[in-house]
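Results of the structural survey
Chain by chain, the residues:
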Amino acid sequence: MENLIDKRQITARVTKISWERIWLHLEVKVTYAGDADRESPLSFYLVNGLFEPKAKLKVEEIEAQEGLEAGKAQDIYRLKVNITNPGTSLCLPQGTYSMIICQKKRQMAKAEIAESLVKDMSSASRNFLYGGRAKVYSVTFYVTEGDDGLPFIMYVLAGGRTGISAPAVHAKKGFHPKESLKKKYSKINKPLKVDMYWKYRKKYKHKSGRPVVMFMSEQSTSISTNLKAVKDRMLARGMDKDYIIVESYRSSVTNPRMGLRSWMDTLKKMAMSDFIFLDDHAPMLDWLIVDKDTVLVQLWHAGAGFKSSGYSRWGHIGCPAPYSCHRQYKYGISGSKQIAHFFSEVWGINDSQVLPTGMPRIDEFLDEDYRTKKTKELYEKFPLCKNKKVILFAPTYRGTNKANAHYPYELIDFDGLYETCGDAYAVLFKMHPWASEPVPIPPQYQDRFADAGRYPNINDLFYITELLITDYSSNIFEYSLMKKPMLFYAFDEIQYSFSRGFHRPYEESAPGKVCHTFAEILAAIAQEDFDYPKVEEYVAKHFDYIDSHASDRVIDWIILGQLPDSVKKELAADAAVNKELETLDFKPAQGGK
């Protein structure tokens, strides 16, 4: 690549550095000399000390600056890069980076730091803790001494906790670190499991005569939601004649010490499979890398709530490591193209890999015969709801995981809610499955209140619900299709946004009125003040299809390989950028620095 930096036809200064979760935002002021080409597009690259481009920054906006000194022109470029996935589905590698601006395959400028920004550079640096807060991914900005000007330099470091504790900590008699580590794992350790998988893969790969499709969960012992919908649709279409369908459902998250037989069975099925469909994070795939020929697909149950997950909350407690299960997905799914970026951010993959098929579990939800049947069953199961308007109270849990999940029931004013309901309303409480404590409904209120926690499918409850009260849960996704009002009881919005994080502005995006006290909830019910128009806006943004064919799209697009041309084009564009990064040569000009 020709290096024209010294000609200074174009100069560039970084004038602003900011963060939005894992997105690094940079504002760059580009100045053109009188004879410079201002029309041809510019490309911005992060280049390491070995002259290797490791990221191409996304151009969000270009703002032309007019009325400057004679013979010169300026543009403000607003750029961004996801440091957990700059386009390669891997973290930006460790290294010392400069920013090179190119035009027509020529190096035109090396970005510098605006003098006004130098004093703020240290505060713009970020540390992202992971691995039980024992490891860190650090992004640091600085200016070196002795250079002409103020070159933009970004240093990325992946480090771990050092042994600085006092020797007395390990002075316990009989303690030996290696022996302690051995006790932590069962006899079937990770290397043995990896070896087992690859031996099975060598033996069974493409040997069955028919493609093998596996439905797999490491979070539950039974099939449900999107997995069940796709599997049932394959059977309904008679695809079991042309495909072998295998299944594995284990709760390894709550029971990590699975026996040898369980591991042999699961690894053998994985090794046989051409397609593996998951319903959630599979911890074993954090360290077991499947064959590149296996198509791993995430059919995550969440439609699109607010709370951050996966790489969206990198640096928070419980976030994934730089390499995890999510990196192996060839595809994930979403309800619409407009919200695909929420999912790609969570999984650390590219937007183009998130297919807007719609959620398969909604196929049954939208089926009118199913709705009629379930409505009848629900009124029989909850007779207090007959001839009443039903309020469904269905928030998410509080806590960091299943082991400590709970809900602060003391923040529910049962007396006030009962009085507000009068003879018009009945209330069903459907708490998150991880919040195991039953709702403490006072006995005298059981004529209007009922605990529906044991009811298996929350979506069914939506058929008889007139008002949903929730908080940060993704249950708003399906419920929005009922075109009925919602209230959001966000008593801990500030704390929750800090501990879990939101991937979009909460109060702006919530499809209903946001309340921070239970008194506000009661007033909103009494006055029917629900901010309902936000529901219509939510549906328009989150659903490309409102039909019962999402399972068919998953099957057709992924298993049968019939991807829409628009999806193929986006996948090809991402592949082209990564190919470009492998081939560009950023070595300095002969004699240059």
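Before reading further, recall that the structure is shown in the block above.
Scoring rules and cut-offs
Residues numbered from 1 in each chain as written. Predicted model: local features only at pLDDT ≥ 70, side-chain atom pairs only at ≥ 80, totals over all residues. Heavy atoms only, no water. Axes fitted to C-alpha atoms, helices over the stretch in contact; angles between N-to-C directions. Helix = DSSP H or I, 4+ residues; strand = E, 2+ residues; numbered from the N terminus. Parallel < 35°, antiparallel > 145°, perpendicular 65-115°, else oblique. Left-handed = near helix turned anticlockwise from the far one by under 90°. Contact = heavy atoms within 4.5 Å. Nonpolar A, V, L, I, M, F, W, Y, C, P; charged D, E, K, R; others polar. 1 Å grid on protein atoms, 1.4 Å probe; cavity = no way out; pocket = protein on both sides within 12 Å on 5 of 7 lines; lining within 4 Å. Points joined across faces, edges and corners; volume = space filled by probe spheres on them. Phe/Tyr/Trp six-rings, centres within 6.5 Å; stacked < 30°, edge-to-face > 60°. Buried < 20%, exposed > 50% of the residue type's maximum accessible area, 1.4 Å probe, protein only. Lys NZ or Arg CZ within 6 Å of the ring centre and 35° of its normal. Pairing = 2+ DSSP bridges. Core = buried A, V, L, I, M, F, W, Y, C linked by side-chain atoms within 4.5 Å. Polar contact = N/O pair within 3.5 Å; in protein donor to acceptor, adjacent residues only side chain to side chain.

1. A closer look at the packing of helix H3 (residues 190-204) against helix H5 (residues 260-272)
- For the pair H3 and H5, the least separation of the axes is 8 Å and the interaxial angle reads 45°. Looking at the two axes, H3 sits oblique to H5. Pair H3 / H5 crosses with right-handed handedness. In this structure, H3 uses Lys193, Met196, Tyr197, Tyr200, Arg201 and Tyr204 to contact H5, whose residues at the interface are Leu260, Trp263, Met264, Leu267, Lys268, Met270, Ala271 and Met272.
- Looking at the contact of H3 with H5 residue by residue, the classes come out as 11 nonpolar, no polar and three charged.

2. A short note on empty space enclosed by the protein
- A complete count under the given rule lists one cavity of 30 Å³ or more for this structure.
- Considered as a void within the structure, the largest cavity measures approximately 70 Å³ in volume.
- As for the largest cavity, its lining consists of Gly358, Met359, Ile362, Asp363, Leu366, Phe477, Leu481, Phe543, Tyr545, Asp547, Ala550 and Arg553.
- Secondary-structure elements contributing two or more residues to the lining of the largest cavity are helix H7 (361-365) and helix H16 (550-559).

3. With respect to the packing of aromatic side chains
- Counting across every chain of the model gives 37 aromatic pairs.
- When the centroid spacing of 4.9 Å and the interplanar angle of 50° are considered together, the rings of phenylalanine 44 and tyrosine 77 count as tilted. Taken together, the positions of phenylalanine 44 in strand S4 (residues 43-47) and tyrosine 77 in strand S7 (residues 73-82) put the pair 33 residues apart, joining distant regions of the chain. The pair formed by phenylalanine 44 and tyrosine 77 is uniform in burial state, with each residue classed as buried.
- Among the aromatic side chains, those forming a connected cluster through ring pairs are Phe393, Tyr407, Tyr409, Phe414, Tyr418, Phe429, Tyr445, Phe449, Tyr489, Phe491 and Phe518.
- Positioned above the aromatic ring of tryptophan 23 is the side chain of lysine 80, whose terminal nitrogen or guanidinium carbon lies 4.3 Å from the ring centre.
- A cation over an aromatic ring shows up here: lysine 381 above the ring of phenylalanine 382, its NZ or CZ 5.9 Å from the ring centre.

4. Details of the sheet that holds strand S22 (residues 449-451)
- Strand order in the open sheet formed by six strands is S22-S21-S20-S23-S24-S25, and the pairing between neighbours is parallel. Edge strands, defined here as strands with exactly one partner in the open sheet, are S22 and strand S25 (513-515). The sheet shows a mean angle of 20° between the axes of neighbouring strands, direction not considered.

5. Quick look at the nonpolar core
- Membership of the largest hydrophobic core comes to 95 residues, with the highest contact counts inside it found for Met270, Phe277, Leu285, Phe382, Leu428 and Ile558.
- Not counting residues within four places of it along the chain, the set of residues in contact with phenylalanine 277 comprises Val213, Met214, Phe215, Met216, Leu227, Val297, Leu299, Val554, Ile558 and Ile559.
- Leu24, Ala55, Ala111 and Trp314 belong to the second-largest nonpolar core, a separate cluster that totals 46 residues.

6. Structural notes on the side chain of glutamine 107
- Assignment of secondary structure puts glutamine 107 in strand S9 (residues 106-110).
- Beyond its immediate sequence surroundings of up to four residues, glutamine 107 is in contact with Met1, Glu2, Asn3, Leu4, Ile5, Ile100, Ile101, Cys102, Asp585, Phe586 and Lys587.

7. Some points on the pairing of strand S24 (residues 486-489)
- Burial along S24 is two-sided: the residues Met486 and Phe488 and Leu487 and Tyr489 are all buried.
- The pairing of strand S23 (residues 465-470) with S24 spans three bridges and is classified as parallel. Residue pairing across strands places isoleucine 469 opposite leucine 487, the latter belonging to S24.

8. So, the environment of lysine 386
- Here lysine 386 lies in the loop between helix H8 (368-381) and strand S20 (389-393).
- Using a relative accessible area of 44% as the deciding quantity, one classes lysine 386 as partly exposed.
- Sequence separation of lysine 386 and valine 535 is 149 residues, and the distance between their C-alpha atoms is 26 Å.

9. Focus: unusual backbone geometry
- Positive phi is not limited to glycine here, since arginine 8 has a value of about 50°.
- With respect to the helices and strands, arginine 8 occurs in the loop between strand S1 (2-3) and strand S2 (10-20).
- Taking relative accessible area as the criterion, arginine 8 reaches 48% and is therefore assigned partly exposed.
- The phi angle at asparagine 387 is positive, at roughly 60°, despite the residue not being glycine.

10. A few points about the environment of isoleucine 521
- Its place among the elements puts isoleucine 521 in helix H14 (residues 518-527).
- Exposure remark for isoleucine 521: the relative accessible area of 0% places this residue in the buried category.
- Residues isoleucine 521 and isoleucine 469, spaced 52 residues apart in sequence, show a C-alpha to C-alpha distance of 8.6 Å.
- Apart from residues lying up to four places away in sequence, isoleucine 521 is in contact with Ile469, Leu487, Phe488, Tyr489 and Cys515.

11. Here's the deal with the packing of helix H9 (residues 414-421) against H14
- At a minimum axis distance of 10 Å, the contact between H9 and H14 shows a crossing angle of 5°. Comparing the axis directions of H9 and H14 gives the class roughly parallel. Note on element contacts: H14 touches H9 through Phe518, Leu522, Ile525 and Ala526, opposite Gly416, Leu417 and Thr420.

12. Brief notes about the side chain of arginine 448
- Relative to the helices and strands, arginine 448 resides in the loop between strand S21 (425-429) and S22.
- Its relative accessible area of 13% is what places arginine 448 among the buried residues.
- At a separation of 2.9 Å, a polar atom in the side chain of arginine 448 contacts the main-chain carbonyl oxygen of tyrosine 418.
- For arginine 448, the side chain forms a polar contact with the side chain of aspartate 423, separated by 3.5 Å.

13. Section: the sheet that holds strand S17 (residues 295-298)
- Strand order across the open sheet formed by six strands is S15-S14-S16-S17-S18-S19, with parallel pairing between neighbours. A single partner strand is all that each edge strand has here, and the edge strands are strand S15 (244-249) and strand S19 (354-355).
- Taken together, the six bridges between strand S14 (residues 212-217) and S15 define a ladder with parallel strand orientation. For methionine 216, the partnering residue across the bridge sits in S15 and is serine 248.
- Along the sheet, helix H4 (residues 225-236) makes contact with S14, S15, strand S16 (275-278) and strand S18 (331-333), crossing S14 at roughly 155°.
- In the packing of H5 onto the sheet, the strands contacted are S14, S15 and S16, and the crossing angle to S14 comes to about 140°.

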